[in-house]
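Descriptive analysis of the structure
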Amino acid sequence: MDAPSLPETYRAILTIRRFEERLLSLHQEGLIQGSMHLCNGQEAIPVGACRELRADDALTATYRGHGWAIARGLPLPDLFAELMGRASPLCGGRGGSAYLCGAPYGFLGENSIVGAGVPIAAGAALAARRDGAGAVSLVSIGDGALNQGAVGEALNFAAALALPLVVVVENNIYSEMTPIKEMVAIDPLAQRAAGFGIPSVTVDGNDTAVVQAAVAEAVARARSGGGPTLVEAMTERLVGHYTGDAQQYRPAGEVEAAKTREPLTRLRAAAGQELGAELAVVDEEVEATIESAVQEAMGYPRPDPAGAALGVYVD
Amino acid sequence: MSTNAVTEEITYIRAVNEGLRWALREYPKALILGEDVALPNGPFGATRGLHGEFGDRVIDTPITESAFVGAAIGAAMRGYRPIVEIMFMDFTQVAMDQLVNQLPNIHYVSNGGFRVPLTIRTQQGRTPGSCAQHSQSLEAVFAHVPGIRVGLPANPQDAYDMLRSAIASDDPALIIESRALYASRGPVELERPLAPIGRAQLRRPGEDVTIVSWSRMVGEAEAAAQRLEAEGISAAVIDLRWVSPVDHDTIAASLERTGRLVIAHEANRTAGFGAELAAWATEERFWDLDGPVARVGAPDIRMPAAATLQEALLPSAESIAETVRATLNAAPA
Ligand SMILES: Cc1ncc(C[n+]2csc(CCOP(=O)(O)OP(=O)(O)O)c2C)c(N)n1
């Protein structure tokens, strides 16, 4: 696929960033309840990866999945409404921040059980292979999730059956709030894939083009019957693990340093003077898009309490 | 071909096999996944011949219950109708995240966006020599979980019918077979309409007491009823068949006549599904009751392997009959 222009990439990443920043203000205003897991700083990964996905591919993410949902094309008003507990067309308010999905978008959903999405994504890959149309299944997990038994089981399952699965590990260097390097005895983490006979690569997750290239190779392998691939994308989150995380466990200066190499900072630096003016326009446009999405979301009704008991079963 | 015959005398496990064959014929998107289900024909023979007939729609998986239950969920979300075999009920515990946190949530939380027409087959209960990790009756664990249907067939016809109904349903279902009954024979009508999910069966009408049971204990309850008949006690026996959803109407209709309720299951007594039925009876049918509800179940003890030890603990026709006698004699002090 053609490399998107810098302002396009900037717009995609900024949209996720502003979406999540707006979530925080909505939370402060009392319009969103409960904690959220933001992907602030990690946006280049979903943006780069989703560029390689077709409409008939399956996508599975984690509770830190707003960026994946947006990059997959789920409408912003629907997402705001879902998080506000309104009757959104996504899950009608049943999913919330950490467990939403979008069936019409091939978004099998977030998952709030660490690692649990990988077996499910392997099943979507099994379906894709049987369908025979060259579709793939992509799943994102965190670095800590790689230690879950279900992930190991699913990696072996996908490898043994040569399924078209792409596992993207977003290594934000923290397994929740503990440095991942204290929780494993290997570096890089991607090495673990070798034990399953799965090819892997570790890349700069703050560079959309680099992520896209790595995922492109993985997707091509999957589409052509070559089986699963693990892509480890190195990144850093600029905010807490969840909203309300005071981050006392992070060494002084770490977040500040991370801000010098996060995706938006880099793009602004790369833009220089010439494109800089264009980015300023994008800033305003994204601002307006977010605000109109919020307004639209406020227009969704609250879910009808009478419906809360419905739909546990199809029949 | 076996399926041309209208009624056959076949074993329980063969009835399961015919149910699976029916499903693979009926639904092009049906798949079977599990350990040793394809080339080895299934650890208990449930999938005998199916790989030969249906090829790679019958899939041998690694010994990873989380992975293949999860994968079946993912495939179901993408349009397939998978049937998973978990070799022993005890092994569901290894896949509890997928079975409890994932599977039953998807239709509800997606607000109907996704359907998960997935059937899990497993088998449970003790047989002589079976160890403590291959003997447990855990239906109550799953009956507690909304979003998954749970059925326990007690005879070959039901093994065939309930499995087919579960597979045909667009909802997740868990069919818990009885290993102790696998070799038992009975008439099975193969060509008949799908039965609705959640209907109990009155196996035997009675006037003095209603015994509700399921799975292997149905046979014991029927044997108990025979003994009691010789003593002049008329016991109704209901095969509950499904612990989710529960057919309260069939129990209520019998209770109206008998006024006495005894529940018999192989599972441990405490928080067994009998406790739920007893609670229902006191909440909803209190004025039909002529005395306390009684439960028969295994005591709250781990299951030893030796048959003599197992028999000392397990409910039987005699312990059910004894409970019925005590129930009928119960009077306020
Ligand atoms: C099975 C399970 N255990 C623990 C948790 C609590 N928890 C939620 S997110 C999280 C951190 C996972 O870390 P990682 O996989 O590195 O992803 P990150 O949150 O850093 O994106 C934990 C432990 C959970 N949701 N599920």
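What to know about the interface of chain B and chain A
In this complex, chain B contributes 34 residues to the contact, which on the side of chain A involves 31 residues. Secondary-structure elements contributing two or more residues to the side of chain B that touches chain A are α3 (65–77), α4 (96–102) and α5 (106–109) of chain B. The element best represented in the side of chain B that touches chain A is α3(B), accounting for ten residues. Partitioned by chemical class, the residues of the side of chain B that touches chain A number 13 nonpolar, 16 polar and five charged.

Observations regarding the domain arrangement of chain B
In many reports, interface size means the accessible area that the parts give up when they come together. All names here are of chain B. Along its sequence, chain B is organised into domain 1 (11–189) and domain 2 (201–328). When each unit is reduced to the centre of its C-alpha atoms, the spacing between domain 1 and domain 2 is 26 Å. Residue-level contacts link 26 residues of domain 1 with 23 residues of domain 2. Class assignment for the residues of the side of domain 1 that touches domain 2 results in 14 nonpolar, eight polar and four charged.

Observations regarding the packing of helix α4 (residues 76–83) of chain A against helix α9 (residues 263–298) of chain A
Residues and elements named next belong to chain A. Look at α4 against α9: their axes get within 8 Å of each other, and the N-to-C directions meet at 55 degrees. Our classification of the angle between α4 and α9 gives oblique. Here α4 runs over α9; the crossing is right-handed. Only T289, I290, A293, V294, E296 and A297 of α9 make contact with α4, whose side of the interface consists of L76, P77, F80 and A81. Of the residues assigned to the contact of α4 with α9, the class counts are eight nonpolar, one polar and one charged.

Details of the sheet that holds strand β11 (residues 235–239) of chain B
Hydrogen bonding along the main chain pairs the strands of a sheet, whether they run parallel or antiparallel. Residue and element names in this part refer to chain B. Strands sit in the order β9-β11-β10-β13-β14 across an open sheet of five strands; the sheet is mixed. Of all the strands in the sheet, just β9 (201–204) and β14 (294–298) have a single pairing partner and so form its edges. When the angles between neighbouring strand axes are averaged without regard to direction, this sheet yields 25 degrees. Across three bridges, the pairing between β9 and β11 is antiparallel.

Notes on the sheet that holds strand β3 (residues 58–60) of chain B
All names here are of chain B. Across the sheet, which stays open at both edges, the seven strands sit in the order β3-β2-β4-β5-β7-β6-β12 with mixed pairing between neighbours. Of all the strands in the sheet, just β3 and β12 (242–244) have a single pairing partner and so form its edges. Here the average twist between neighbouring strands, direction ignored, is 20 degrees. As defined by bridge partners, strand β4 (residues 81–85) adjoins strand β5 (residues 119–124) across three bridges and the pair is classed as parallel. Within the sheet, the bridge partner assigned to V84 lies in β5 and is I120. Packing of helix α1 (residues 12–26) onto the sheet brings it into contact with β2 (30–34), β4 and β7 (173–178), and relative to β2 it is tilted by some 135 degrees.

Topic: the nonpolar core
Core analysis: the biggest nonpolar cluster contains 193 residues, and A:A122, A:V166 and B:I211 have the highest contact counts within it. If you count residues domain by domain, this core takes at least three from each of domain 1 (11–189) and domain 2 (201–328) of chain B. Ignoring any residue separated from it by four or fewer positions in sequence, one finds A:A122 in contact with A:A154, A:F157, A:A158, A:L163, A:L165, B:A67, B:G70, B:A71 and B:G74.

So, the site of the ligand
Residue and element names in this part refer to chain A. The immediate surroundings of the ligand are formed by 15 residues, with V114, G142, G144, A145 and E176 found nearest. Counting only elements with at least two residues in the shell around the ligand, the list comes to β3 (137–142) and β5 (174–175). Classifying every residue of the shell around the ligand by side-chain character gives five nonpolar, six polar and four charged.

A short note on the pairing of β2(B)
Residue and element names in this part refer to chain B. Of all five residues in β2, five are buried, a share of seventy percent or more. Here β2 shows no split at all, with A30, I32 and G34 on one side and L31 and L33 on the other all buried. In the sheet, β2 pairs with β3 via three bridges, with the strands oriented parallel. Across the sheet, G34 pairs through a bridge with D60, a residue of β3.

Remarks on the environment of A:A220
Its location among the elements puts A:A220 in helix α7 (residues 208–223). The spacing of A:A220 and A:V136 is 84 residues in sequence and 9.2 Å in space, taken between C-alpha atoms.

What counts and what doesn't
- Residues numbered from 1 in each chain as written.
- Chains lettered and ligands numbered in written order.
- Predicted model: local features only at pLDDT ≥ 70, side-chain atom pairs only at ≥ 80, totals over all residues.
- Contact = placed C-beta atoms within 7 Å.
- Helix = DSSP H or I, 4+ residues; strand = E, 2+ residues; numbered from the N terminus.
- Nonpolar A, V, L, I, M, F, W, Y, C, P; charged D, E, K, R; others polar.
- Domains from an automatic or database assignment.
- Axes fitted to C-alpha atoms, helices over the stretch in contact; angles between N-to-C directions.
- Parallel < 35°, antiparallel > 145°, perpendicular 65-115°, else oblique.
- Left-handed = near helix turned anticlockwise from the far one by under 90°.
- Pairing = 2+ DSSP bridges.
- Core = buried A, V, L, I, M, F, W, Y, C linked by C-beta atoms within 7 Å.
- Buried ≥ 20, exposed ≤ 12 C-beta atoms within 10 Å, placed from the backbone.
- Near = placed C-beta within 6 Å.

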